[in-house]
2 protein chains.
Amino acid sequence: MARKKYVYYFGNGKADGRGNMKDLLGGKGAGLAEMTNLKIPVPAGFTITTEACREYFRNKKEHPPGMWEQVIGNLRKVEKDMGMGFGDPVNPLLVSVRSGAKFSMPGMMDTVLNLGLNETTLKALIKKTGNERFVYDAYRRFIAMFGTIVMDVDRQRFENALGEVKKKKGVHLDTDLTTDDLKNLVEDFKIIYKKVTGEDFPLNPLEQLKKAIDAVFGSWFGDRAVKYRKLHDIHDDLGTACNVQAMVFGNMGENSGTGVGFTRDPSTGEKRFFAEYLINAQGEDVVAGIRTPLHIDELKKRLPKAYNELDKIYKKLEKHYKDMLDIEFTVQEGKLYMLQTRVGKRTAASALKIAIDMVKEKLIDKKTAILRIDPQQIDQLLHPMIDPKAQIKVIAKGLPASPGAAVGKVVFTAEDAERAAERGEKVILVRTETSPEDIGGMHAAQGILTARGGMTSHAAVVARGMGKCCIAGCSEININEAQRYFTVKSMVIKEGDYITLNGTTGEVVLDKAPLIKPELTRDFGTFMKWVDGFRKIGVRANADTHHDAAVARDFGAEGIGLCRTEHMFFEPNRISAMREMILADDKEGRKRALVKLLPIQKGDFIEIFKVMKGLPVTIRLLDPPLHEFLPHTDEELMSFADQMGVSFEKLKERNKSLHEFNPMLGHRGCRLGITYPEIYEMQTQAIMEAACELSSQKVKVIPEIMIPLIGHVNELKMMRELVIRVAGEVQKRYKKKVSYTVGTMIELPRAAITADEIATQADFYSFGTNDLTQTVFGLSRDDAGRFLPYYVEKGILDDDPFITLDQGGTGLMMKIAVEKGRKVKKGLKMGICGEHGGDPKSVDFCYRIGLDYVSCSPYRVPIARLAAAQAFFKEKGAVLAMTTV
Amino acid sequence: MARKKYVYYFGNGKADGRGNMKDLLGGKGAGLAEMTNLKIPVPAGFTITTEACREYFRNKKEHPPGMWEQVIGNLRKVEKDMGMGFGDPVNPLLVSVRSGAKFSMPGMMDTVLNLGLNETTLKALIKKTGNERFVYDAYRRFIAMFGTIVMDVDRQRFENALGEVKKKKGVHLDTDLTTDDLKNLVEDFKIIYKKVTGEDFPLNPLEQLKKAIDAVFGSWFGDRAVKYRKLHDIHDDLGTACNVQAMVFGNMGENSGTGVGFTRDPSTGEKRFFAEYLINAQGEDVVAGIRTPLHIDELKKRLPKAYNELDKIYKKLEKHYKDMLDIEFTVQEGKLYMLQTRVGKRTAASALKIAIDMVKEKLIDKKTAILRIDPQQIDQLLHPMIDPKAQIKVIAKGLPASPGAAVGKVVFTAEDAERAAERGEKVILVRTETSPEDIGGMHAAQGILTARGGMTSHAAVVARGMGKCCIAGCSEININEAQRYFTVKSMVIKEGDYITLNGTTGEVVLDKAPLIKPELTRDFGTFMKWVDGFRKIGVRANADTHHDAAVARDFGAEGIGLCRTEHMFFEPNRISAMREMILADDKEGRKRALVKLLPIQKGDFIEIFKVMKGLPVTIRLLDPPLHEFLPHTDEELMSFADQMGVSFEKLKERNKSLHEFNPMLGHRGCRLGITYPEIYEMQTQAIMEAACELSSQKVKVIPEIMIPLIGHVNELKMMRELVIRVAGEVQKRYKKKVSYTVGTMIELPRAAITADEIATQADFYSFGTNDLTQTVFGLSRDDAGRFLPYYVEKGILDDDPFITLDQGGTGLMMKIAVEKGRKVKKGLKMGICGEHGGDPKSVDFCYRIGLDYVSCSPYRVPIARLAAAQAFFKEKGAVLAMTTV
């Protein structure tokens with residue numbers, strides 16, 4: 001039986017592996033193999049596979065049989081190709097040992113350089129290079145790196161020893177130390193090593209190598225690596241490869257050096273070589289950031305031959321990889337060596353420009369361009385953001401309730417916000433939680449920060465609707481509204497102090513941070529046109545106002561998937577009539593109040609229909625429990641009682657009687673429509689009157705009337721009859737025929753599993769995955785803060801199910817509903833209008849289970865469009881090649 | 001093509017129909033046919049089928065083709081058999097017309113007697129009988145009945161006219177009126193008839209007949225009938241049959257009369273003829289209740305021949321029907337006629353005795369006996385009840401939270417209840433809602449009445465656990481605790497006033513009502529033994545204390561299906577430690593408090609295990625959100641702060657921070673166990689220490705540890721590991737091996753649809769159908785009061801899904817879980833511990849989907865056992881023949 005191949009060689013223009021073998025060789029190993037095969041100068045070396053790593057852990061940290069022999073065999077080849085010997089007393093080979101997983105993982109083990117040095121090879125190297133100082137410098141670095149990285153000695157101990165020597169000598173830079181200083185340092189370091197590890201520093205190069213390889217493997221389950229993987233959704237069982245490579249030295253004098261670069265500008269995407277170079281330095285000096293690197297043009301001036309070769313190589317590599325690359329190189333005494341290449345990270349703007357340019361350059365096709373852009377990144381292009389280069393101080397973190405960034409002076413009441421806006425001041429409205437009373441102030445503010453409430457709290461929902469930055473449920477802050485300040489940790493932020501909100505991350509930043517405005521380039525338009533050419537699933541927007549609708553249409557929405565009618569009533573001049581309706585003692589009283597609401601609602605629909613002309617508009621009838629419309633505090637109640645001319649006691653009593661233990665599961669949705677049919681009658685009338693009037697003006701209107709919170713087919717049957725009756729009356733009165741449909745939300749488990757029954761009464765289904773997730777999990781989004789983050793951290797759940805659809809549960813429920821619904825009504829139109837409609841992974845899922853469209857907040861429409869196109873390619877078998885690789 | 005048969009004849013010892021044709025002929029028609037075939041003297045007649053009625057409504061109230069011809073044809077046969085002619089001027093036939101549906105429906109049309117009378121037949125009848133007064137009396141009755149029942153004239157108009165005549169004549173009884181009075185009355189009645197209907201009273205007998213038949217059909221959709229059907233779960237599309245039968249007269253003198261009876265005592269079940277007789281009377285006189293009927297022995301004395309025949313007939317009928325019967329008969333001039341027979345209604349005690357006696361008499365087999373008892377009725381035997389004969393005044397209605405009845409003086413605080421109990425007084429504790437502070441008072445009270453909270457509120461759950469009568473959520477009452485009174489409507493009930501609670505119906509009764517104590521007879525024991533011989537599904541009880549456990553075991557529970565550990569902490573002397581745990585700042589603080597709880601909990605388990613020795617005990621680890629254990633009011637908080645030695649502010653702050661928007665969907669169940677593992681560790685330790693100690697005393701203990709609120713397999717995996725680890729530690733410490741299992745509740749939709757995944761980590765499943773119903777429907781039981789009753793009333797839902805399992809939704813979800821779970825783990829033990837476990841329809845469903853057991857409150861165990869046996873027979877194809885037929 002052939003022995004399993006655990007080690008892949010590269011060197012002398014030929015490699016065992018190839019660039020597409022990342023799974024086995026890791027990103028770094030695959031890149032080195034690929035470059036070698038391209039005849040690019042790469043120091044010889046070999047890669048121990050990820051499979052060896054996996055078996056190492058399965059075998060209780062023993063090398064799989066044969067691995068070590070293969071390491072030795074390949075080490076011999078390196079010696080041969082480099083013309084040097086590992087541990088050789090005349091011409092010694094030094095190597096670097098690096099981890100390298102499939103995905104780049106900054107949390108993993110660092111590099112160990114100069115491995116192979118000991119008292120013997122040290123002397124040989126001095127003799128060979130004639131540079132004693134260089135060799136001792138390399139040795140002390142090696143001991144420190146090996147000690148720190150392989151043996152877990154505290155790095156600070158070595159740093160302290162170095163610092164003491166420098167202090168004693170009165171010098172500032174390492175380079176100012178003499179050879180003798182370095183010799184002494186080597187001895188000091190060895191003592192530190194022994195003290196901590198209990199062992200002498202290993203002088204046998206093979207022992208050094210074995211320990212380093214084991215340390216690379218071991219680092220896969222190091223704390224930082226595990227945490228990083230959790231954060232970036234990388235599986236624990238991938239394992240890491242280990243690269244052992246002949247050392248070249250950038251620190252052998254003025255004609256040596258080291259550099260890093262990008263083949264194009266990672267910030268703007270501009271097509272220019274974007275690289276830096278450090279003379280007489282090793283890689284770690286660049287990372288340390290002590291010395292300022294030079295522009296790459298300096299290399300051109302000083303070592304034109306090396307530069308020209310680098311120029312040719314980077315172009316060759318980019319052409320070969322067909323992507324913008326991140327490269328590392330070293331020049332040893334005038335000779336160029338490439339040490340690494342990988343796809344380069346980039347900003348959203350850069351990613352977009354590079355993708356488009358490369359299509360123009362015929363390097364890639366449109367499909368590749370589309371698959372390369374991370375939909376989540378697109379968000380950066382649509383909202384203002386805090387300048388990533390700015391130094392900022394984060395003082396608290398809440399829920400990222402509505403994306404973007406905002407700067408302003410702190411105010412604590414809606415009135416103050418409105419007054420400040422009138423004076424032309426920019427403010428951030430800070431509230432414990434917001435209520436309908438605050439809408440004016442929310443409009444006037446740049447952003448909203450609340451101490452309580454979740455991603456579906458009033459503040460969050462309204463802010464997202466307004467496209468306004470919001471951080472909700474920031475429980476770290478304690479607000480004293482009366483005294484006009486809030487505290488966070490030991491800080492006190494007073495009214496008028498500046499803060500900055502990052503609604504994309506949930507971070508509250510002290511003081512004014514510089515913002516970058518979004519700018520939609522022509523490239524963006526071009527790209528999105530390509531995207532739409534491929535995607536097969538529709539994208540609509542959730543929009544409650546004609547303003548939102550206009551934004552959505554600009555962003556390419558193909559209709560409104562969810563128009564919530566209740567938010568229209570939160571406006572200050574409207575809520576009174578709504579409250580009058582709620583407080584009415586009987587049906588007649590409610591009807592009197594509804595008569596006042598009818599023209600308002602009709603006017604809203606007319607505006608929305610106009611904006612969306614020719615496109616469908618799904619209107620959801622009243623959904624939230626009525627108590628949400630009433631004032632919360634006694635003070636507000638008192639003032640409202642005055643206004644209504646009723647007694648405070650009565651109002652308070654009514655408020656109390658509407659109280660619910662679990663409002664999420666209470667008297668809401670179609671349950672309101674069934675017990676108070678006059679409300680849905682008024683709403684249907686408003687929709688149909690608006691439609692009839694516009695229809696007379698030749699505006700094409702496509703209303704889709706949606707009944708929320710259906711659990712049983714009989715509910716929908718009753719409400720459908722109501723809508724059809726009222727719509728018929730209106731059309732008769734207007735002598736107009738406007739076609740409309742009646743459908744329902746699927747947002748309760750009972751609706752999902754009886755979707756076959758419900759289909760008999762529905763023209764369309766829209767999955768309300770916010771509520772469906774809450775009921776499938778039995779999990780209140782507003783209350784989940786005390787344990788859900790812990791669940792995600794501990795890996796009990798892979799993702800927050802309110803952000804990314806839980807495919808195994810909520811998604812499974814949707815799949816059941818799709819199948820049952822279409823079994824009864826083939827081709828039944830289905831969409832999603834929960835917030836998952838704007839999440840790329842969830843869009844992909846929706847496409848796969850056969851939904852007709854996704855609907856998301858206006859600002860996420862481009863994200864959803866891109867995710868939809870990618871879903872199409874992914875289904876066709878394409879591998880997503882994100883730029884974050 | 002043969003014409004469809006719409007009319008079935010009976011008479012002269014032969015009938016077209018039979019007793020088992022209730023679907024087509026209705027109960028009455030089938031009974032008449034059966035009696036005729038048995039050669040029992042029944043006046044000839046015919047039955048128009050329910051199918052004719054259904055077609056009548058389908059045909060826009062036209063008779064189906066051929067029906068009327070068949071009526072005429074059968075009428076001719078009646079004439080022939082009776083030797084009289086309908087409308088005949090010499091020997092006229094009169095008929096009765098009666099509705100008769102499959103199920104007895106008191107809400108339907110009454111009987112029209114004496115149909116066929118007009119000026120001509122009147123005279124002939126006078127001539128024939130020589131009794132002018134009798135004939136005019138029959139005529140005036142006929143006009144009034146026909147007017148009222150067929151033509152919808154207000155009955156009061158006829159009554160008033162009759163009253164006026166009596167007043168004018170100064171007489172009290174109808175029988176005191178003279179023939180002339182009656183003649184005048186006939187004229188008066190005709191005038192009333194014409195005034196209201198606008199038509200003359202119809203003199204054509206066939207027209208009278210057609211109108212009466214149509215009225216019978218029409219009455220099927222009369223308001224009362226529709227309402228009755230809704231209330232009794234009878235389908236609208238069954239239709240009613242219509243019986244036309246030759247009149248016989250019990251009012252032709254002293255040797256005539258009419259009677260009703262039961263073949264055995266309907267109250268006690270005693271084997272004796274239980275009948276009454278009214279001399280010289282028609283059926284309606286018995287119903288009117290003006291004259292007091294005589295004991296049936298009077299008939300024996302006066303008309304021994306008729307009596308002897310009746311005696312033979314009732315015995316023959318009972319032997320034939322093999323059941324206790326309700327019969328109606330008339331004696332016309334010494335000759336006996338049977339007019340009706342049907343299965344008689346009876347009390348629970350009577351039903352039980354009759355079933356057992358009939359098995360002993362070899363009339364029926366055990367299976368029939370078992371199928372005849374309505375499980376719901378058994379409840380009557382187990383709790384005290386208000387004497388059904390008592391005159392009571394119901395002043396309010398709440399939720400029937402815990403069955404039984406209780407009488408006592410009203411008190412408003414737990415302390416008052418306890419003090420009164422010490423004085424030996426019986427009290428009813430009336431609270432807005434109860435909290436753990438009230439436990440002592442609840443124990444001391446006879447019953448509990450709350451103004452707020454649902455069927456799962458604190459009061460309801462605790463009362464059911466105690467087996468104590470409770471009415472919850474009685475929102476009609478307004479409590480003024482400070483002034484010590486409550487108001488309801490315009491009444492004021494003060495402290496010390498007596499009230500009576502009917503926890504079975506939810507009725508609050510003014511004053512002391514007489515109660516009947518339950519008594520478990522030997523018959524009961526015999527019967528339940530038979531039941532257990534047939535049932536195939538286990539019955540356990542939900543019991544939280546050793547007291548409950550003992551009751552449950554007495555009632556035949558085969559284990560505990562749900563032992564809620566949290567209720568143990570509500571006891572006043574325990575809640576302090578619990579609260580200390582909740583208020584602790586960190587894990588160490590919690591652990592310190594848990595150390596205090598450990599011996600308490602362990603002691604409880606020891607007691608319960610002892611009672612249940614040899615039977616399994618499923619213990620659910622802590623489930624409710626922690627804030628449920630904290631005081632609610634500022635006053636209670638303040639006193640608690642003193643006791644704890646912490647500041648009121650801190651306590652209030654902590655209370656606030658534990659507040660949840662939707663506690664049902666909040667931080668509870670295994671979410672507590674995951675975030676505060678020390679709680680479940682303590683509970684596991686307590687269970688296993690108790691088990692190990694008893695095991696050393698040779699007490700056989702079978703603990704089943706149940707993790708609540710699992711939604712994802714990873715949750716269960718983590719908690720299972722915790723339990724196994726702690727259990728292992730305890731067993732090692734005790735050097736004892738106690739076998740135990742670890743399972744989970746299936747109470748969230750996500751758990752149900754991923755039951756295949758979860759099964760890998762579970763030894764058993766218990767369906768928590770209370771919470772499952774809440775989440776499947778997205779419906780909070782505590783908040784559903786505002787619309788759920790309306791839903792049931794309007795037929796949107798057939799039943800309250802919290803009482804009877806919603807088979808199409810919640811049940812479907814269970815079915816999915818059973819299938820998925822057993823696919824992975826064949827024979828995985830499954831039960832139900834929601835309150836549906838004690839509902840007969842739901843027990844039947846649980847049996848059909850293959851559950852291993854149902855678990856219900858101790859007092860419902862016998863009900864569940866009976867329902868389980870019936871489920872077995874039902875599955876075998878038996879038709880349930882309840883005594884309510």
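Definitions and limits used
Residues numbered from 1 in each chain as written. Chains lettered and ligands numbered in written order. Predicted model: local features only at pLDDT ≥ 70, side-chain atom pairs only at ≥ 80, totals over all residues. Heavy atoms only, no water. Phe/Tyr/Trp six-rings, centres within 6.5 Å; stacked < 30°, edge-to-face > 60°. Helix = DSSP H or I, 4+ residues; strand = E, 2+ residues; numbered from the N terminus. Buried < 20%, exposed > 50% of the residue type's maximum accessible area, 1.4 Å probe, protein only. Lys NZ or Arg CZ within 6 Å of the ring centre and 35° of its normal. Pairing = 2+ DSSP bridges. Contact = heavy atoms within 4.5 Å. Axes fitted to C-alpha atoms, helices over the stretch in contact; angles between N-to-C directions. Buried area = accessible area lost by both parts, 1.4 Å probe. Salt bridge = Lys/Arg side-chain N within 4 Å of Asp/Glu carboxyl O. Polar contact = N/O pair within 3.5 Å; in protein donor to acceptor, adjacent residues only side chain to side chain. Expected span 1.5 Å × (residues − 1). Parallel < 35°, antiparallel > 145°, perpendicular 65-115°, else oblique. Left-handed = near helix turned anticlockwise from the far one by under 90°. Nonpolar A, V, L, I, M, F, W, Y, C, P; charged D, E, K, R; others polar.

Student: For this particular structure, what's the right way to read the packing of aromatic side chains?
Tutor: Two aromatic rings, taken as a pair, are described by how far apart their centres are and by the angle between their planes. Considering all chains together, one arrives at 39 aromatic pairs over all chains under this definition. Measuring from ring centre to ring centre gives 5.2 Å for Tyr56(B) and Phe217(B), while their planes differ by 50°; the resulting arrangement is tilted. In this pair, Tyr56(B) sits in helix α2 (residues 50–58) while Phe217(B) sits in helix α8 (residues 205–219), placing the two residues 161 residues apart along the sequence. Summarising the burial analysis for this pair, Tyr56(B) and Phe217(B) share the class buried. These aromatic residues form a ring-pair network of at least three members: Tyr56(A), Phe57(A), Phe217(A) and Phe221(A). The ring of Phe872(A) carries the charged tip of Lys536(A) above its face, separated from the ring centre by 4.8 Å.

Student: Got a minute to help me understand the sheet that holds strand β12 (residues 325–332) of chain B in this structure?
Tutor: Backbone hydrogen bonds hold the strands of a sheet together, and the pairing may be parallel or antiparallel. Residues and elements named next belong to chain B. A sheet is described by the order of its strands in space; here five strands give the open sequence β11-β10-β9-β12-β13, paired in antiparallel fashion. One side of each edge strand has no neighbouring strand; the edge strands of this open sheet are β11 (294–295) and β13 (335–343). Sheet topology note: the strand β10 (residues 274–279)/β11 ladder contains two bridges and is antiparallel. Bridging from a neighbouring strand, Tyr-277 pairs with Leu-294 of β11. Running at roughly 25° to β13, helix α12 (residues 304–321) makes contact with β12 and β13 of the sheet.

Student: What am I meant to see in the interface of chain B and chain A here?
Tutor: A common way to state how big an interface is: give the accessible area lost once the parts meet. Taken residue by residue, the interface counts 50 residues in chain B and 50 residues in chain A. Regarding the contact of chain B and chain A, the summed buried area is about 4,500 Å², with carbon and sulfur atoms giving 60% of it. It is Phe661(B), Leu665(B) and Arg786(B) in chain B that bury the most area against chain A; as a group they hold 16% of the surface buried on that side. The interface formed by chain B and chain A contains four salt bridges. Across the pair Arg750(A) and Asp806(B) runs a salt bridge whose closest N-O atoms are separated by 2.7 Å. Inspection of the chain B/chain A interface yields 28 residue pairs in polar contact (both at pLDDT 80 or more). A per-element tally of the side of chain B that touches chain A places helix α32 (residues 807–824) of chain B first, with six residues.

Student: For this particular structure, what's the right way to read unusual backbone geometry?
Tutor: Excluding glycine, residues mostly have negative phi values, and the peptide bonds linking residues are mostly trans. A positive phi is found at Asn114(A), a non-glycine position, where the angle reads about 65°. On the secondary structure map, Asn114(A) appears in strand β7 (residues 112–115).

Student: Where do I start with the pairing of strand β22 (residues 485–488) of chain B in this structure?
Tutor: Residues in a regular strand project their side chains so that they alternate between the two faces of the sheet. Residues and elements named next belong to chain B. Side chains Phe-486 and Val-488 of β22 all project onto a buried face; the interleaved residues Tyr-485 and Thr-487 project onto a face where none is buried. Judged from the four bridges that link them, strand β21 (residues 477–480) and β22 form a sheet pairing that is antiparallel. Each residue of the ladder has a partner; that of Asn-480, found in β22, is Tyr-485. Where β21 folds back onto β22 in an antiparallel hairpin, the turn is made up of four residues, including Arg-484, whose phi is positive at roughly 60°. Two strands pair when backbone bridges link them, and β22 and strand β23 (residues 491–494) are joined in this way by four bridges, in the antiparallel orientation. The residue bridging Tyr-485 from the neighbouring strand is Lys-494, located in β23. From the end of β22 to the start of β23, which pair antiparallel, there are two residues, and Lys-489 there has a positive phi angle of about 50°.

Student: Looking at this model, I keep getting lost on the side chain of Arg620(B). Mind explaining?
Tutor: Relative to the assigned elements, Arg620(B) resides in strand β29 (residues 616–620). With relative accessibility at 7%, the residue Arg620(B) sits in the buried group.

Student: How should I be thinking about helix α5 (residues 132–150) of chain A in this particular structure?
Tutor: Residues separated by three or four positions in an α-helix point in the same direction, a consequence of the helix having 3.6 residues per turn. All names here are of chain A. With 19 residues, α5 ought to run about 27 Å at 1.5 Å a step, and its terminal C-alpha atoms sit 26 Å apart, in line with that. Summarising burial for α5: 17 of the 19 residues are buried, a large majority. Backbone geometry just after α5 places Asp-152 at a positive phi near 65°.

Student: I would appreciate a short explanation of the packing of helix α15 (residues 375–382) of chain A against helix α34 (residues 861–875) of chain A in the present structure.
Tutor: To describe two helices that pack against each other, one gives the angle between their axes and the distance between the axes. Residues and elements named next belong to chain A. Here α15 crosses α34 at 155°, and the two axes come no closer than 8 Å. The angle between the axes of α15 and α34 places the two elements in the roughly antiparallel class. Relative to α34, α15 is oriented so that their crossing is right-handed. Within the contact between the two elements, α15 uses Pro-375, Gln-376, Ile-378, Asp-379 and Leu-382 and α34 uses Pro-862, Ile-863, Leu-866, Ala-867 and Gln-870. Residue classes in the contact of α15 with α34 are distributed as seven nonpolar, two polar and one charged.

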